[in-house]
Amino acid sequence: MSKFLFTPFFYIFLIIFTVFICLIVYFFNLFVKDKKFFYKIGRFWGKVVMLSTFPKIEVINKCPPEKMNKNYIIMANHQSAFDI
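Residues numbered from 1 in each chain as written. Predicted model: local features only at pLDDT ≥ 70, side-chain atom pairs only at ≥ 80, totals over all residues. Heavy atoms only, no water.

## Brief notes about the overall build of the protein chain
Note the threshold: Starting at the N terminus, helices and strands are each numbered in turn, a helix being any DSSP run of H or I of at least four residues and a strand any DSSP run of E of at least two. Note on definitions: a residue-residue contact is assigned when non-hydrogen atoms from the two residues lie within 4.5 Å. Note on areas: Shrake-Rupley with a 1.4 Å probe; residue coverage comes only from the protein chains shown.
Helix and strand content of the protein chain: two helices and zero strands. For the protein chain, the share of sequence-separated contacts (at least 6 apart) that also reach a separation of at least 24 residues comes to 53%. In the form shown here, the protein chain has an accessible surface area of approximately 8,100 Å², with 69% of it arising from carbon and sulfur atoms.

Structure (structure tokens):
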């Protein structure tokens, strides 16, 4: 699946999808004054873009933090622009 990320079809899809979402936001901005609506559109766009890259998700500790009774830090390792 990772080979798909480097094909022109993937980039064309992202560009077309992003332009489509921008046009929707621009059009609805004229009529809708509720900021939550635009927040939902932005989240939808972000989820589609994220899921279209087939990210690898690894869970190291399945224990909920509330039951650990320890101090800890959750940190992302920003090794690429994709993480940020």
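## Examining helix H1 (residues 8-29)
Using the following cut-off: Working rule for helices: expected span equals 1.5 Å times residues minus one. Each residue is assigned to one of three classes by its accessible area relative to the maximum for its type, calculated with a 1.4 Å probe on protein chains only: buried under 20%, partly exposed between the two thresholds, exposed over 50%. The directions from the helix axis to the C-beta atoms form the arc being described.
Taking 1.5 Å per residue, 22 residues should reach 32 Å; H1 reaches 31 Å between its end C-alpha atoms and fits that length. Along H1, the residues classified as buried are Phe10, Leu14, Phe17 and Ile21. Looking down the long axis of H1, one finds its buried residues gathered within 75° of arc, a one-sided arrangement. Residues of H1 that are exposed and point over 90 degrees away from its buried face: Pro8, Phe9, Ile15, Ile16, Leu23 and Tyr26. Those residues of H1 that are buried lie in contact with helix H2 (35-51).

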